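So you can see what is in the structure, the chains are spelled out below.
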Amino acid sequence: MIKINNLEIENVKRVKAVRLEPSQNGLTIIGGKNGQGKTSVLDAIAWVLGGNKFQPSQAQRNGSMTPPHLHIELSNGLIVERKGKNSDLKVIDSKGNKSGQRLLDELVEQLALNLPKFMQASNKEKGDSLLQIIGVGDKLGALDLKEQQLYNRRTEIGRIADQKKKYAAELDMHPDVPKEPVSAAELIRKQQDILARNGENARKRQSVDILKQRAVILQQEVIRMEEALLIKKEEHAKISADLVIAQKSALDLHDENTAELEKNINDIDMLNMKIRANMDREKAEMDAEEYSKQVDGITQEIADIRKQRTALLNNADLPLPDLSVDKGELTYKGYKWDNMSASEQLKVATAIIRKLNPECGFVLMDKLEQMDIETLQEFGTWLEAEGLQAIATRVSTSDECSIIIEDGYIKGEEMPFETAIPTGKKVWEEGKF
């Protein structure tokens, strides 16, 4: 991995003259009060290595008559300079061969020079960077899309199931009625048979009345027609006999009551309405159960997809253990970016930047005052274990700082490049610098 062996900066922003040999591994902390030139050192490094897109808008120190001078020696032997009126770039390798910005772009990860760009990116953009690194973005994106589609489908089916359950609960239930609608045709046929029989009885009763009238007439005729007495008597006797038989037959006749059938016919519509209500409720309950089964099936599909995502990420070459992507967003130890501690954020960012370009072994960091001493030490120990070099600023003048910048110089070395190069190294022992 390429690291910064030493650097010299003159007349850049607030820096007057700073020469520094950063620690090869771990933290090199540039301390000092606000406005003394700490961040100017980082800006100068980014400019000399990253190109004109990192050039400060007012690069030359205010009040200086001498243009900026920037000199960096990298661990692979490259010497990178910017100097002169136009701050022209010069890149020379250990054999004296010249090169340019393209070579630096291949060796130096741009985000290592501009860590805030990564830190300020959205959670999804950070997740995309990680997926780009581990090479599973397309597969994971397809799984995430399928999971979202299934989730939406499950939500819709679940909503329908709830509606069906609510609809079924609102329907009346009549437990003492038949399962199927009842037909009125049989009852109507029975009613018609009874009415026919009753009509026949009425006809027979009417016949009795007719026979009675006829007997009276014949009796009168018998009186008037003495000469036909014998014939009429015989006829009368026969009719009288028929009358007796008809009367006896009529006495045995009994009309059937159709009131119950009429009531049943009148009630059949109400009965069928209750039966249909029961059928509707049973159908709604069956529909709700079927939709609930579909919801359970989709839930299992979603669980299977999540297992595939987990397996995909577990088998990927991640920059850090416990680093992952959940629904397109970066997570570490199960926490999203905004729920990580400051040290965790820096650790994650540094690990991803290193993975983006394994050749680049350093990163620039600003404003490390957000970390307490213990967290700072933990972060520095992790950097050393990973073989990474970090050059950082911190608003502090305490012992954790490798150098202190004061009024554009390293404190105690206010003469441009006439003293020994500070190593910038600190020993981390038992929680002390």
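Quick caveat: nothing in here was measured; it's all calculated off a predicted structure.

Chemist: Tell me about the overall build of the protein chain, and name the residues and values.
Modeler: In terms of regular secondary structure, the protein chain is built from 11 helices and 14 strands. Computed over C-alpha atoms, the radius of gyration of the protein chain comes to 53 Å, more than 25% over the 22 Å expected from 2.2 N^0.38 for 433 residues, which places it beyond the range of a compact globule. C-alpha extents for the protein chain along the principal axes are approximately 180 × 45 × 40 Å. Across the 433 residues of the protein chain, 41% fall into the buried class. Sequence-distant contacts in the protein chain: of pairs separated by 6 or more residues, those separated by 24 or more amount to 73%. Within the structure as shown, the protein chain displays about 24,700 Å² of accessible surface, and the carbon and sulfur contribution to it stands at 49%.

Chemist: Can you explain the side chain of Asn357? Please cite residues and give values.
Modeler: Within the secondary structure, Asn357 sits in the loop between helix 10 (342-356) and strand 11 (362-365). Not counting residues up to four positions away in its chain, the partners in contact with Asn357 are Glu106, Leu107, Val108 and Glu109.

Chemist: Can you lay out the pairing of strand 2 (residues 15-20) for me, pointing to particular residues and giving the numbers?
Modeler: The buried count for strand 2 comes to five of six residues, which makes it a mostly enclosed element. Two elements, strand 1 (residues 4-12) and strand 2, share five bridges in a ladder whose sense is antiparallel. Within strand 2, the position partnered with Val12 by the bridge is Val15. Connecting strand 1 to the next strand, strand 2, in antiparallel fashion are two residues, including Lys13 with a positive phi near 55 degrees.

Chemist: Account for the packing of helix 10 against helix 11 (residues 373-386), naming residues and giving values.
Modeler: Orientation of helix 10 relative to helix 11, taken along the N-to-C sense of each, is 20 degrees, at an axis distance of 10 Å. In terms of axis orientation, helix 10 runs roughly parallel to helix 11. Helix 10 and helix 11 meet at a crossing whose hand is right-handed. Of the residues in helix 11, those in contact with Ser343, Leu346, Lys347, Thr350, Ala351 and Arg354 of helix 10 are Thr375, Phe379, Trp382, Leu383 and Glu386.

Chemist: Help me get a handle on helix 10, residues and values and all.
Modeler: If you check helix 10, its first and last C-alpha atoms are 21 Å apart, about what 15 residues at 1.5 Å a residue would give, namely 21 Å. Summarising burial for helix 10: 11 of the 15 residues are buried, a large majority.

Chemist: Can you explain helix 11? Please cite residues and give values.
Modeler: A turn of α-helix holds 3.6 residues, and therefore any two residues three or four places apart point the same way. The first and last C-alpha atoms of helix 11 sit 20 Å apart over 14 residues, in line with the 20 Å expected at 1.5 Å per residue. Among the residues of helix 11, Thr375, Leu376, Gln377, Phe379, Gly380, Trp382 and Leu383 are the ones counted as buried. At the N-terminal end of helix 11, a side-chain oxygen is found 3.2 Å from the backbone nitrogen of Glu374, two or three residues along, and the residue is Asp372. Of the residues flanking the end of helix 11, it is Gly387, one or two places downstream, whose phi is positive at about 70 degrees.

Chemist: Explain the sheet that holds strand 9 (residues 329-332) to me, using residue names and the numbers behind them.
Modeler: Pairing in this open sheet of three strands is antiparallel, and the strands run 8-9-10 from one edge to the other. The two strands at the open ends of the sheet, each matched to only one other strand, are strand 8 (323-326) and strand 10 (335-336). The pairing of strand 8 with strand 9 spans four bridges and is classified as antiparallel. When the bridges of strand 9 are listed, Asp326 appears paired with Glu329.

Chemist: Report on the packing of aromatic side chains, specifying residues and quantitative values.
Modeler: If you walk through the whole model with that rule in mind, you get two aromatic pairs. Centre to centre, the rings of Phe118 and Trp337 are 6.0 Å apart; their planes meet at 80 degrees, and the pair counts as edge-to-face. With Phe118 in helix 4 (residues 115-119) and Trp337 in the loop between strand 10 and helix 10, this pair connects stretches of sequence that are 219 residues apart. Ring centres 6.1 Å apart and planes at 15 degrees place the aromatic pair Phe379 and Trp382 in the stacked group. Of this pair, Phe379 and Trp382 both sit in helix 11, three residues apart, which is roughly one turn of the helix. Both residues of the pair, Phe379 and Trp382, count as buried. Over the aromatic face of Trp337 sits the side chain of Lys126, whose NZ or CZ is 4.4 Å from the ring centroid.

What counts, and at which threshold
- Sequence order as written defines the numbering, with residues in each chain counted from 1.
- Restriction of local features to residues with pLDDT of at least 70 applies here, the model being predicted, together with a cutoff of 80 or more for giving and counting side-chain atom pairs; totals for whole chains, interfaces and linings are based on all residues.
- Side-chain measures here rest on the full set of heavy atoms in the structure, leaving out hydrogens and waters.
- Put simply, DSSP marks the helices as runs of H or I at least four residues long and the strands as runs of E at least two long, and each gets a number from the N terminus on.
- The atom set for the radius of gyration is the C-alpha atoms, and the globule formula is 2.2 Å times the number of residues raised to the power 0.38.
- Accessibility here uses a 1.4 Å probe with only protein chains present; expressed as a share of the type maximum, an area under 20% marks a residue as buried, one over 50% as exposed, and anything in between as partly exposed.
- By definition, residues are in contact when any of their heavy atoms lie within 4.5 Å.
- Per-residue and other accessible areas follow the Shrake-Rupley method at a 1.4 Å probe size, with only the shown protein chains counted as cover for residues.
- Pairing between two strands requires that DSSP report at least two bridges joining them.
- Axis definition: a line fitted to C-alpha atoms, over the contacting stretch in the case of helices. Angles run 0 to 180 degrees between N-to-C directions.
- Working rule for angles: under 35 degrees goes down as roughly parallel, over 145 as roughly antiparallel, 65 to 115 as roughly perpendicular, anything else as oblique.
- In this scheme, a crossing is called left-handed if the near helix is turned counterclockwise away from the far one by less than a right angle; it is called right-handed if the turn is clockwise.
- Each residue after the first adds 1.5 Å to the expected span of a helix.
- Here a polar contact is taken to be a pair of N or O atoms separated by no more than 3.5 Å, where protein atoms must pair a possible hydrogen donor with a possible acceptor and residues adjacent in sequence count only if both atoms sit in side chains.
- Here is the rule: rings of Phe, Tyr and Trp (six-membered ring for Trp) pair when centre to centre is within 6.5 Å. Planes less than 30 degrees apart are stacked, more than 60 are edge-to-face, and the remainder are tilted.
- Note on geometry: a ring has a charge over it if NZ (lysine) or CZ (arginine) is within 6 Å of the ring centre and within 35 degrees of the ring normal.

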